[in-house]
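Each chain, written out:
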Amino acid sequence: MDAAMVTAVAALVAGPVAAAAAIYGQRGANRAAREGGVIGGYDTLTARLVAERDKAEADQARAEAEVQTLELEIARLRLLVTQLGGSP
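Our subject in this report is the structure included herewith. What you see is a predicted model, and the numbers here were worked out from it, not measured in a lab. (Residues numbered from 1 in each chain as written. Predicted model: local features only at pLDDT ≥ 70, side-chain atom pairs only at ≥ 80, totals over all residues. Heavy atoms only, no water.)

What follows deals with the overall build of the chain. A count of helices and strands for the chain gives one helix and zero strands. About 7600 Å² of surface is accessible on the chain, with carbon and sulfur atoms providing 65% of the total. (Helix = DSSP H or I, 4+ residues; strand = E, 2+ residues; numbered from the N terminus. Areas by Shrake-Rupley, 256 points an atom, 1.4 Å probe, with all protein chains shown as cover.)

Here it is in structure tokens:
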């Protein structure tokens, strides 16, 4: 075999090998992109859930404060009714 024949055979073998490597590499890149998208989605969902939880905790704290205020008002009114001679 002369040099030209070796070069031609090498080119014929290298073409499909390079194509297979490119396809394999693209598959890996696609998988990485998909997994990156999934992780980004989880991060977004987690952030939204944390914000929703924080809002719910703040709403609960306001409601508990309002309940305490109303309980104090009820106690004050009962005392006033008792002082005026009534029975609560």
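For the structure shown, the criterion picks out five salt bridges. The partner of glutamate 57 in a salt bridge is arginine 53, and the shortest N-O contact between them spans 3.9 Å. Here arginine 53 and glutamate 57 lie together in helix H1 (residues 3-83), a separation of four residues that amounts to about one turn. Relative accessible area serves as the criterion here: at 46%, glutamate 57 is assigned to the partly exposed category. Arginine 53 gets classed as partly exposed once you look at its relative accessible area, which sits at 47%. The closest approach of N and O atoms between aspartate 59 and arginine 62, which form a salt bridge, is 2.2 Å. Residue aspartate 59 and its partner arginine 62 are both found in helix H1; the two are separated by three residues, about one turn of the helix. (Salt bridge = Lys/Arg side-chain N within 4 Å of Asp/Glu carboxyl O. Buried < 20%, exposed > 50% of the residue type's maximum accessible area, 1.4 Å probe, protein only.)

A contiguous nonpolar surface patch, about 320 Å² in accessible area, is contributed by Tyr42, Leu45 and Leu49. Within the element layout of this structure, tyrosine 42 appears in helix H1. (Patch = residues over 30% accessible without salt bridge, like charges linked within 9 Å, V, L, I, M, F, W, Y side chains within 5 Å.)

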